[in-house]
Amino acid sequence: MSDRTLRSDPWPDKTDAVGKEDFKPLTPQEAQVLRAGLRIVSPWRVVVLQAMSGVLVTLLGLLVTGKPDWAWSTLYGAAAVVVPSALMAHGMTRRRPVMTPGSLAVSFMLWELVKIMVSVAMLGVANWILQPPVWPALLVGVVVALKMYWAALLWQRRSKT
């Protein structure tokens, strides 16, 4: 690495003469103040937003097309997002003994895997449940429900100000 590369680093590491990073742990009072200032979006709020958007786009699709098979496909597409999200929200928010950060990360990854597997399974059996599904409508339901993660983040951002 050249001197030029080192000098152009926009985020140089702050280290002392021994090479240790300049790090100051928070006191319990500082940590409590920091936690009090954070606004966390509840995963259940996201699930409710997904369900509401799924029902809304289904009703809108029914009004526009007048075809019940399109509406059922749209609703099923939204359900393929809502049901797994609700399972994950339940798994991550249920009360359990104090867990280490590592076990929390593993728990998150396992529930995310369950969520993905349930979504794929629901989409895989759509052909037998809907007989036949209207795939464009089903995908609209999936996409609209998935976009509610962004809506929840925007909602959190606007409620801060």
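Refer to the structure presented above.
Going along each chain's sequence as written, the residues are numbered from 1 onward. Only residues with pLDDT of at least 70 get local features here, since the model is predicted, and only at 80 or more are side-chain atom pairs given and counted; chain-wide, interface and lining totals rely on the full set of residues. Note that the side-chain values use all heavy atoms of the structure and ignore hydrogens as well as water.

Visitor: Would you explain the overall build of the protein chain in this entry?
Guide: The way it works is that DSSP assigns letters per residue, a run of H or I at least four long becomes a helix, a run of E at least two long becomes a strand, and they are numbered from the N terminus. What the protein chain contains, in helices and strands, is eight helices and zero strands. Starting at the N terminus, the α and β elements of the protein chain follow one another as α-α-α-α-α-α-α-α. Buried means the residue's accessible area, taken with a 1.4 Å probe over protein chains only, is under 20% of the maximum for its type, while exposed means over 50%, and partly exposed covers the values in between. Within the protein chain, the proportion of its 161 residues that are buried is 25%. When checking whether two residues touch, look at their non-hydrogen atoms; a contact exists if any pair is within 4.5 Å. Summarising the internal contacts of the protein chain: among those between residues at least 6 apart in sequence, 70% fall at separations of at least 24. Every accessible area reported is derived by Shrake-Rupley at a probe size of 1.4 Å, with residue values counting cover from the shown protein chains alone. Of the accessible surface of the protein chain, which amounts to about 12200 Å², a share of 69% is contributed by carbon and sulfur atoms.

Visitor: Which parts of the structure should I look at to understand the pattern of salt bridges?
Guide: Salt bridges, as used here, are contacts in which a Lys or Arg side-chain nitrogen is within 4 Å of a carboxyl oxygen on Asp or Glu. Scanning all chains against the criterion turns up one salt bridge. Here Glu112 and Lys115 are joined by a salt bridge, their closest N and O atoms 3.7 Å apart. Pair noted here: Glu112 and Lys115 are both in helix H5 (residues 101-124), with a separation of three residues, about one helical turn. Residue classification places Lys115 among the buried residues on the basis of a relative accessible area of 14%.

Visitor: Help me understand a nonpolar patch on the surface, please; the structure alone is not making it clear to me.
Guide: Here a patch means residues that are over 30% exposed by relative accessible area and free of salt bridges, tied together within 9 Å if like-charged and within 5 Å if nonpolar (Val, Leu, Ile, Met, Phe, Trp, Tyr). Judged by side-chain polarity, Val106, Phe108, Met109, Leu110, Leu113 and Met117 come together as a nonpolar surface patch covering roughly 590 Å² of accessible area. Considering the arrangement of structural elements, one finds Val106 in helix H5. Given the relative accessible area of 44%, Val106 is considered partly exposed.

Visitor: So what exactly am I meant to see when it comes to the packing of helix H4 (residues 68-93) against H5 here?
Guide: What describes two packed helices is the angle between their axes and the distance between those same axes. Geometry is summarised by axes, namely lines fitted to C-alpha atoms with helices restricted to the contacting stretch, and by angles between N-to-C directions that run from 0 to 180 degrees. Look at H4 against H5: their axes get within 9 Å of each other, and the N-to-C directions meet at 160 degrees. The orientation of H4 with respect to H5, classified from their angle, is roughly antiparallel. Seen from above, H4 lies across H5 with right-handed handedness. The residues of H5 that touch H4, namely those facing Tyr76, Ala79, Ala80, Val83, Pro84, Ser85, Leu87, Met88, Gly91 and Met92, are Leu104, Ser107, Phe108, Trp111, Glu112, Lys115, Val118, Ser119, Met122 and Leu123. As a working rule, the residues Ala, Val, Leu, Ile, Met, Phe, Trp, Tyr, Cys and Pro are called nonpolar, Asp, Glu, Lys and Arg charged, and the rest polar, with Gly in that last group. The residue makeup of the contact of H4 with H5, split by class, is 14 nonpolar, four polar and two charged. For classification purposes, an angle smaller than 35 degrees is called roughly parallel, one larger than 145 roughly antiparallel, one from 65 to 115 roughly perpendicular, and anything else oblique. With the far helix as reference, a near helix turned anticlockwise by less than a right angle produces a left-handed crossing, and one turned clockwise produces a right-handed crossing.

Visitor: Which parts of the structure should I look at to understand the nonpolar core?
Guide: Burial of nonpolar side chains together is a common tendency in soluble globular proteins. Core analysis: the largest hydrophobic core is formed by ten residues, namely Tyr76, Ala78, Ala80, Val81, Met122, Ala126, Leu130, Leu138, Val142 and Ala145. When residues of this core are assigned to their parent elements, the largest contribution, four residues, is made by H4. When near neighbours in sequence (up to four residues on either side) are disregarded, Met122 contacts Tyr76, Ala79, Ala80, Val83 and Pro84. To define a nonpolar core, start from buried Ala, Val, Leu, Ile, Met, Phe, Trp, Tyr and Cys residues and group those joined through side-chain atoms within 4.5 Å.

Visitor: What's the story with unusual backbone geometry in this structure? I'm lost.
Guide: The phi angle of most residues is negative, glycine excepted, and most peptide bonds adopt the trans form. With an omega dihedral of -15 degrees, the bond running from Gln131 to Pro132 counts as a cis peptide bond. Following the sequence through the fold, Pro132 ends up in the loop between helix H6 (126-130) and helix H7 (135-146). Within the chain, Gln131 stands out as a residue other than glycine whose phi angle is a positive 40 degrees.

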